[in-house]
Amino acid sequence: MSNYVKLDINNGIGTVEFFTEQSNSLPGDILKKLADTITEAGNDPEIKVIILKSGGNRTFCAGASFDELMAVDSPENGKKFFMGFANVINAMRKCPKFIIGRLQGKAVGGGIGLAASVDYCFASKHSAIKLSELALGIGPFVVGPAIERKVGLSAMSQMAMNPDEFYDPKWAHQKGLFGKLYDDAAALDKAVNQLAEKLAAYNPEAMAELKKVFWEGTEHWDELLAQRAEMSGKLVLSEFTRNFIQKFKDK
Amino acid sequence: MSNYVKLDINNGIGTVEFFTEQSNSLPGDILKKLADTITEAGNDPEIKVIILKSGGNRTFCAGASFDELMAVDSPENGKKFFMGFANVINAMRKCPKFIIGRLQGKAVGGGIGLAASVDYCFASKHSAIKLSELALGIGPFVVGPAIERKVGLSAMSQMAMNPDEFYDPKWAHQKGLFGKLYDDAAALDKAVNQLAEKLAAYNPEAMAELKKVFWEGTEHWDELLAQRAEMSGKLVLSEFTRNFIQKFKDK
Amino acid sequence: MSNYVKLDINNGIGTVEFFTEQSNSLPGDILKKLADTITEAGNDPEIKVIILKSGGNRTFCAGASFDELMAVDSPENGKKFFMGFANVINAMRKCPKFIIGRLQGKAVGGGIGLAASVDYCFASKHSAIKLSELALGIGPFVVGPAIERKVGLSAMSQMAMNPDEFYDPKWAHQKGLFGKLYDDAAALDKAVNQLAEKLAAYNPEAMAELKKVFWEGTEHWDELLAQRAEMSGKLVLSEFTRNFIQKFKDK
């Protein structure tokens, strides 16, 4: 199966699903499609509430595409790549509708950024999370603000400083990243659909105002995340990251 | 027994108690009396610390008076009603003395706003909470800032998006809304009194400065909560809310 | 053994250790040395990551030196003393390197301020915490911002209003002050060293940028903590505190 982003509409519920062959890690073209599809769903009057999910039954999202990280050859290209994540987060932030996340499995790096940018996130008991950026010589700069907004500074900085450590779903639940945990995909889907159906029947005006309220204080994120993308784009060219990639290639 | 707000003063402890016959839900006149009484207690030099409680041994506060919500017939009247909650929260915020909350039972909607605006809240194991506004076609706009200040964005938004779900006292304790939980009213009262007596004996100057420090960054709430009251006042007239009320009346 | 602050450098890891004979409570000269040593370690190109620890195997830090608090005889001297804590916190905040905390035991008052100002804190199961300031007629004004930044307003204000209550390490862990807890000093040291070694090998540029990101929004703390030191310096001369000290002396 090749990479895709698709949007299904059913009874007022818009389901955005992305998939890539590399554990749902995200290259630039899929990031662009994802941002565009979220914006499209936000503007579609038929859609009252959005579900964000990924394909397959294992990893929710492995973060940035490693191939594309390796291919970065200038600070400009680096910034451009990381802007892909910034654009997805900003699309979710500005979307006038609630977005429900559905995590079937692990989220790594930028994948945690997606989970943190939905308005309510359901996860399975397989959804361990790892903020791996520092191990690659960069940092969770673009996704940091979204993660900190949901889990607070302590939990965000703890993950960032322990880039090879997986934090289990219970921890993520306790810190507020996940609203509820489920044992298997069937229970997870049932809960996601139940909430989506309820929300699709509530007052859209009230939900649009609530969405604004939830994101109050993030009006500067267009600029902030662009600065952060520049930071990551520069660091990805550092000697440390180049050596890391070289070792990885030599394997 | 008819509705009341009363203030008792004993050994430097001012106890503000409100009661209404509808599960301590709050109509405009009681909200006004409550705000005024808190301000009065704050200005009374005899009082060193304030306890906020409600009458009866069941629900702490069921939120806004449903009768008054139903009677709103213009955006101006709507705003005026919701300003009742804004004024209580602002009175608690500006009160130069610590306020201890005593929750014997459930808090719903605006009731959570009261619990979140005290400086330290004790609760019984019956004190489940529900942020029900969205189910009525409105949202927790006026009480949102006070709740988010105490429990963070994740927990506040989770409750707001699940307006028919009760969250148990342990959850509220874990999220920081309740400082401590007790098995029954006797244990609850003992703990509340113990803390009040201790605080009444500490340095009033130090407590007044600490109170300011706790509320730093909320200086704009007079305006913010007024905007929020306007938002709710408008939404309460929406078709969604009118239909909801009609269905309720038809029962 | 007399009071000291020392800096050891080993394989890129700079270990700052302080000790005083009064349960590691901090007089002005040790506070100054501590701030200077942290700044020195931050500037030393040999050092990639810093560990902050205290001597002895019991209390991590008992807060302000009681003798020096008692000796304060003017608001100016009071402010000067509390600026000692402000300067240590600001030195940790501005240090371009990650600081790992190692708590072998209790932290009281200003000691919690130190624990809250490291970037990641490991603690033993003996590390109960108490924010005792209000019992002395003052308040946790200087350390408050650092503590609130890590544990949030609810937990900070709960501790501040219960100045004679020890909160156990599990509570501090749940609130985000401690990243991980260990049963004994050996396990604690192993974990601290393991993280320090890993961090010492990561990209220093990325860590310096991350450190800035962690402390974003605290750029006004030079002024804020100075105002707070003035507040404490004034209150320490209040009748309440003078009586408290007199009673203590009479024992």
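The sections below set out a description of the structure shown in this document. Source: prediction; values computed, not measured.

Some remarks on the sheet that holds strand S4 (residues 99-103) of chain C
Hydrogen bonds between backbone groups are what pair the strands of a sheet, and the pairing can be parallel or antiparallel.
Residues and elements named next belong to chain C.
For step 1, the next point in the chain: If you trace the six strands from one edge of the open sheet to the other, you get S1-S2-S3-S4-S6-S8, paired in mixed fashion. Unpaired on one side and paired on the other, strand S1 (4-10) and strand S8 (180-182) mark the two borders of the sheet. Adjacent strand axes in the sheet meet at a mean angle of 20°, parallel and antiparallel pairs treated alike.
For step 2, the next point in the chain: Direction of pairing for S1 relative to strand S2 (residues 13-19): antiparallel, over a ladder of seven bridges. Paired with Lys6 across the two strands is Glu17, which belongs to S2.

Quick look at the pairing of S2 of chain C
Residues and elements named next belong to chain C.
For step 1, the next point in the chain: Summarising burial for S2: seven of the seven residues are buried, a large majority.
For step 2, the next point in the chain: Remark: two residues form the turn of the hairpin made by S1 and S2, two consecutive strands paired antiparallel; Asn11 in that turn has positive phi of roughly 50°.
For step 3, the next point in the chain: In terms of strand pairing, S2 meets strand S3 (residues 49-54) through six bridges, oriented parallel. Paired with Glu17 across the bridge in S3 is Lys53.
For step 4, the next point in the chain: You can see the chain leave S2, run along helix H1 (residues 28-43) and come back into S3, and the turn it takes is right-handed.

Describing the interface of chain B and chain C
For step 1, the next point in the chain: Residue-level contacts link 24 residues of chain B with 26 residues of chain C.
For step 2, the next point in the chain: Carbon and sulfur atoms supply 62% of the area buried between chain B and chain C, which totals about 2200 Å² over both sides.
For step 3, the next point in the chain: Taken together, the connections running from chain B to chain C amount to four salt bridges.
For step 4, the next point in the chain: Residue Arg228 of chain C is joined to Glu216 of chain B by a salt bridge in which the shortest nitrogen-to-oxygen separation is 3.2 Å.
For step 5, the next point in the chain: Between the two partners, chain B and chain C, sit 11 residue pairs in polar contact (both at pLDDT 80 or more).
For step 6, the next point in the chain: Those elements that provide at least two residues to the side of chain B that touches chain C are helix H5 (144-161), helix H6 (169-174), helix H7 (185-201) and helix H8 (204-214) of chain B.
For step 7, the next point in the chain: Residue classes in the side of chain B that touches chain C are distributed as 11 nonpolar, five polar and eight charged.

Observations concerning the relation of the copies chain B and chain C
Two chain copies here: they are related by a rotation about an axis and a translation along the same axis.
For step 1, the next point in the chain: The two copies are related by a screw operation: chain B maps onto chain C through 120° of rotation and 0.0 Å of translation along the axis, at an RMSD of 0.0 Å. Taken together, the rotation angle and the small translation identify this as a three-fold axis.
For step 2, the next point in the chain: Comparing interface residues between copies, only 4% of those in chain B also sit at the interface in chain C, which points to a heterologous contact through distinct surfaces.

Points about the packing of aromatic side chains
For step 1, the next point in the chain: Taken as a whole and judged by the stated rule, the model has 28 aromatic pairs over all chains.
For step 2, the next point in the chain: Seen in terms of ring centroids, Phe122 of chain A and Tyr182 of chain A are 5.9 Å apart; in terms of plane orientation they differ by 45°. Their pairing is tilted. Of the two residues, Phe122 of chain A sits in strand S6 (residues 120-124) while Tyr182 of chain A sits in strand S8 (residues 180-182), which places them 60 residues apart along the sequence. For the pair shown, Phe122 of chain A and Tyr182 of chain A are each scored as buried.
For step 3, the next point in the chain: For the ring pair Tyr4 of chain B and Phe19 of chain B, a centre distance of 5.5 Å and an interplane angle of 25° mean the geometry is stacked. Of the two residues, Tyr4 of chain B sits in strand S1 (residues 4-10) while Phe19 of chain B sits in strand S2 (residues 13-19), which places them 15 residues apart along the sequence.
For step 4, the next point in the chain: Under the relative-accessibility criterion, Phe19 of chain B is labelled buried at 13%.
For step 5, the next point in the chain: Taken together, Phe81, Phe82 and Phe85 of chain A form an aromatic cluster joined through their ring pairs.
For step 6, the next point in the chain: When the ring centre of Phe166 of chain A is taken as reference, the NZ or CZ atom of Lys106 of chain A above it lies at 4.7 Å.

A word on the relation of the copies chain A and chain B
For step 1, the next point in the chain: In the superposition of chain A on chain B (RMSD 0.0 Å, axial shift 0.0 Å), the rotation amounts to 120°.
For step 2, the next point in the chain: Of all interface residues in chain A, a mere 4% are interface residues in chain B too; the two copies therefore contact each other through different surfaces.

What to know about the pattern of salt bridges
For step 1, the next point in the chain: With the rule as written, the count across this model stands at 35 salt bridges over all chains.
For step 2, the next point in the chain: Between Glu165 of chain B and Lys180 of chain A there is a salt bridge, and its shortest N-O distance comes to 2.7 Å. Remark: Lys180 of chain A occurs in strand S8 and Glu165 of chain B occurs in the loop between H5 and H6; the pair is interchain, linking two chains.
For step 3, the next point in the chain: We classify Lys180 of chain A as partly exposed; its relative accessible area is 28%.
For step 4, the next point in the chain: Measuring nitrogen to oxygen at the nearest pair gives 2.9 Å for the salt bridge that ties Lys94 of chain C to Asp222 of chain C. You can see Lys94 of chain C sitting in helix H3 (residues 75-94) and its partner Asp222 of chain C sitting in helix H9 (residues 221-235), a full 128 residues away along the chain.
For step 5, the next point in the chain: Judged by its relative accessible area of 33%, Asp222 of chain C falls in the partly exposed class.
For step 6, the next point in the chain: Several salt bridges share partner residues, and in doing so they unite Arg93, Lys94 and Asp222 of chain A into one network.

Considerations on the interface of chain A and chain B
For step 1, the next point in the chain: With 24 residues of chain A in contact, the opposing surface of chain B contributes 26 residues.
For step 2, the next point in the chain: For the pair chain A and chain B, the summed buried area comes to about 2200 Å², and 62% of that belongs to carbon and sulfur atoms.
For step 3, the next point in the chain: Our enumeration of links across chain A and chain B arrives at four salt bridges.
For step 4, the next point in the chain: Across the chain A-chain B interface, the total number found is 11 residue pairs in polar contact (both at pLDDT 80 or more).
For step 5, the next point in the chain: Counting residues per element, the side of chain A that touches chain B draws most heavily on helix H8 (residues 204-214) of chain A, at seven residues.
For step 6, the next point in the chain: Here the side of chain A that touches chain B is built from residues that sort into 11 nonpolar, five polar and eight charged.

Regarding the packing of helix H3 (residues 75-94) of chain A against helix H9 (residues 221-235) of chain A
Residue and element names in this part refer to chain A.
For step 1, the next point in the chain: Where H3 contacts H9, the two axes come as close as 7 Å, and the packing angle between them is 150°. It follows that H3 is roughly antiparallel to H9 by the angle criterion. The crossing of H3 and H9 is right-handed. Seen from H3, the contacting residues are Pro75, Gly78, Lys79, Phe82, Met83, Ala86, Ile89, Asn90, Arg93 and Lys94; seen from H9, they are Trp221, Asp222, Leu225, Ala226, Ala229, Glu230, Ser232 and Gly233.
For step 2, the next point in the chain: Residue classes in the contact of H3 with H9 are distributed as nine nonpolar, four polar and five charged.

Parameters and conventions
- Residues numbered from 1 in each chain as written.
- Chains lettered and ligands numbered in written order.
- Predicted model: local features only at pLDDT ≥ 70, side-chain atom pairs only at ≥ 80, totals over all residues.
- Heavy atoms only, no water.
- Pairing = 2+ DSSP bridges.
- Helix = DSSP H or I, 4+ residues; strand = E, 2+ residues; numbered from the N terminus.
- Axes fitted to C-alpha atoms, helices over the stretch in contact; angles between N-to-C directions.
- Buried < 20%, exposed > 50% of the residue type's maximum accessible area, 1.4 Å probe, protein only.
- Right-handed = clockwise from strand over helix to strand, strands pointing away.
- Contact = heavy atoms within 4.5 Å.
- Buried area = accessible area lost by both parts, 1.4 Å probe.
- Salt bridge = Lys/Arg side-chain N within 4 Å of Asp/Glu carboxyl O.
- Polar contact = N/O pair within 3.5 Å; in protein donor to acceptor, adjacent residues only side chain to side chain.
- Nonpolar A, V, L, I, M, F, W, Y, C, P; charged D, E, K, R; others polar.
- Least-squares fit on C-alpha atoms with pLDDT ≥ 70 in both.
- Phe/Tyr/Trp six-rings, centres within 6.5 Å; stacked < 30°, edge-to-face > 60°.
- Lys NZ or Arg CZ within 6 Å of the ring centre and 35° of its normal.
- Parallel < 35°, antiparallel > 145°, perpendicular 65-115°, else oblique.
- Left-handed = near helix turned anticlockwise from the far one by under 90°.

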